[in-house]
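# Tertiary structure, described
The residues making up each chain are set out below.
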Amino acid sequence: MSTAKTFASQADLAEKKVSFDKLSDHAYAYTAEGDPNTGIIVGDNAVLVADTQATPVMAHDVIRRIREVTDKPIKYVVLTHYHAVRVLGASAFRAQEIIASQDTYDLIVERGDADMKSEIERFPRLFRAVESVPGLTWPTLTFKCEMTLWLGKLEVKLLQLGRGHTKGDTVVWLPDERVMLSGDLVEFGATPYAGDAYFNDWPKTLDALAALRPAKLVPGRGAALLTEQQVQEGLAATRAFVSELYAAVKPAAAAGRDLRSVYREAYDRLKPKYGDWVIFDHCMPFDVTRAYDEATQYRDPRIWTAERDKEMWAALEA
Ligand SMILES: [Zn+2]
């Protein structure tokens, strides 16, 4: 008999230490021991920020760190995907444009409101000062496949290389310095959240990221990867987790086994190798539920609501 686990990250209340690392002439990483990261590109005439933290109050700490290295205007906010914990701090930056893939925009229309309510309950620590959130973050500029921004002479590419963590995943790529901001497509020492994922596609999308041969990479969570070898390790570890989880779920789901027993088995199979990654216990119920859905009858992820979150958790963890 085991004791019931506290829902999602509601028991995760210990403060994390923030690091602000310079990766190249133009790129910086704001990371915090496995909390959601923000990537920063300082161009000749403007600053680009990729992912915003969960609330404007949290985002102000990112702005404070940016102002220690540059006084150039923060002109662009890029949303690597739609998740509330990364986008609802956007208003603090007062950017000229908020940029996302068209697929990400469509997901905000379809499920942004439900996702906001769900994520606020999952992550009470990250949504500190949630009352400072003015509402959903709406992109002002969208693209399909790719777009190029010129920050003076600095070329910045926004690339949608395939589905993975969500349908709309976008990476920020500096071709000259071979620096990548990957969003949650890649994690490092942190468990990939796959509740809105495409398990069949994710490994192929990681191959497309790897093909660019990034020299440095800011993952969605975890420390910045500072050498080509570290980048390859980060990509490989994320690919292994996603593939092993799906391999643990797919045959059992296809054979008609019930979700709860499939969950227990997948949890026990992955725990020895991945149990020390942050938010492992938070992610596993969501990840296995989505894997089970994809292996059975749902091509696209079903919308998580605050109510569905709790029902699922009770069914799998009670
Ligand atoms: Zn995410």
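For the structure, see preceding data.
Here the structure is a predicted model, which is why all the values come from computation and not from measurement.

### Points about the coordination of the zinc ion
- Listed as protein donors to the zinc ion are His81 (NE2), His83 (ND1), His165 (NE2) and Asp184 (OD); their distances from the metal cover 2.1 to 2.3 Å.
- In this structure, the zinc ion is coordinated by four donor atoms arranged in irregular fashion, with angles at the metal of 90 to 173 degrees.
- Judged by relative accessible area, histidine 83 falls into the buried class, the value being 4%.
- Its relative accessible area of 7% is what places aspartate 184 among the buried residues.

### Some thoughts on the sheet that holds strand β4 (residues 47-50)
- Pairing is mixed across the open sheet formed by seven strands, whose spatial order is β1-β2-β3-β4-β5-β6-β7. At either margin of the open sheet sits one strand with a lone partner, and together these are β1 (19-22) and β7 (141-143). Taken pair by pair, the neighbouring strands of this sheet meet at an average axis angle of 20 degrees, ignoring direction.
- As defined by bridge partners, strand β3 (residues 35-42) adjoins β4 across four bridges and the pair is classed as antiparallel. Residue pairing across strands places isoleucine 41 opposite leucine 48, the latter belonging to β4.
- Sitting on the sheet, helix α3 (residues 102-122) touches β6 (97-101) and β7, and the angle it makes with β6 is about 95 degrees.

### Comments concerning the packing of helix α5 (residues 228-254) against helix α6 (residues 259-274)
- Look at α5 against α6: their axes get within 10 Å of each other, and the N-to-C directions meet at 155 degrees. Here α5 lies roughly antiparallel to α6, going by the angle between them. The two elements α5 and α6 meet at a crossing, and its hand is right-handed. Contacts from Ala240, Phe241, Glu244, Leu245, Ala247, Ala248, Val249, Ala252 and Ala253 of α5 reach α6 at Val262, Ala266, Arg269, Leu270, Lys273 and Tyr274.
- Tallied by class, the residues present in the contact of α5 with α6 amount to 12 nonpolar, no polar and three charged.

### Some words on the sheet that holds strand β10 (residues 171-174)
- The strand order across the open sheet formed by five strands is β8-β9-β10-β11-β12, and the pairing between neighbours is mixed. Looking at the sheet topology across the chains shown, the edges are occupied by β8 (146-151) and β12 (216-219). Across the sheet, the mean angle from the axis of one strand to that of its neighbour is 20 degrees, orientation sign disregarded.
- With six bridges connecting them, β8 and strand β9 (residues 154-159) associate as antiparallel partners.

### Looking at the packing of aromatic side chains
- Applying the stated criterion across every chain, the model contains 13 aromatic pairs.
- Here the aromatic rings of phenylalanine 241 and tyrosine 274 are separated by 5.2 Å at their centres, their planes lie at 90 degrees, and the arrangement is edge-to-face. With phenylalanine 241 in helix α5 and tyrosine 274 in helix α6, the pair connects residues that are 33 residues apart, well separated along the chain.
- On the basis of relative accessibility, which here comes to 1%, the residue phenylalanine 241 falls in the buried class.
- The class for tyrosine 274 is buried, based on a relative accessible area of 2%.
- In this structure an aromatic cluster arises from ring pairing among Phe7, Tyr193, Phe286, Trp304 and Trp313.
- Sitting above the plane of the phenylalanine 286 ring, arginine 122 keeps its charged end 3.9 Å from the centroid.
- Over the ring of tyrosine 198 we find arginine 290, and its NZ or CZ is 5.6 Å from the ring centre.

### Remarks on the packing of α6 against helix α8 (residues 306-317)
- It is at 9 Å that the axes of α6 and α8 come closest, and there the two elements cross at 70 degrees. In terms of axis orientation, α6 runs roughly perpendicular to α8. Mapping the contact onto sequence places Leu259, Arg260, Tyr263 and Arg264 in α6 and Ala315, Leu316 and Glu317 in α8.
- Looking at side-chain class alone, the contact of α6 with α8 contains four nonpolar, no polar and three charged residues.

Basis of the calculations
- Residues numbered from 1 in each chain as written.
- Predicted model: local features only at pLDDT ≥ 70, side-chain atom pairs only at ≥ 80, totals over all residues.
- Heavy atoms only, no water.
- Donors = N, O, S within 2.8 Å, 3.2 Å for Na, K, Ca; no water.
- Tetrahedral: all angles 85-135°; square planar, octahedral: opposite > 155°, others 65-115°.
- Buried < 20%, exposed > 50% of the residue type's maximum accessible area, 1.4 Å probe, protein only.
- Pairing = 2+ DSSP bridges.
- Helix = DSSP H or I, 4+ residues; strand = E, 2+ residues; numbered from the N terminus.
- Axes fitted to C-alpha atoms, helices over the stretch in contact; angles between N-to-C directions.
- Contact = heavy atoms within 4.5 Å.
- Parallel < 35°, antiparallel > 145°, perpendicular 65-115°, else oblique.
- Left-handed = near helix turned anticlockwise from the far one by under 90°.
- Nonpolar A, V, L, I, M, F, W, Y, C, P; charged D, E, K, R; others polar.
- Phe/Tyr/Trp six-rings, centres within 6.5 Å; stacked < 30°, edge-to-face > 60°.
- Lys NZ or Arg CZ within 6 Å of the ring centre and 35° of its normal.

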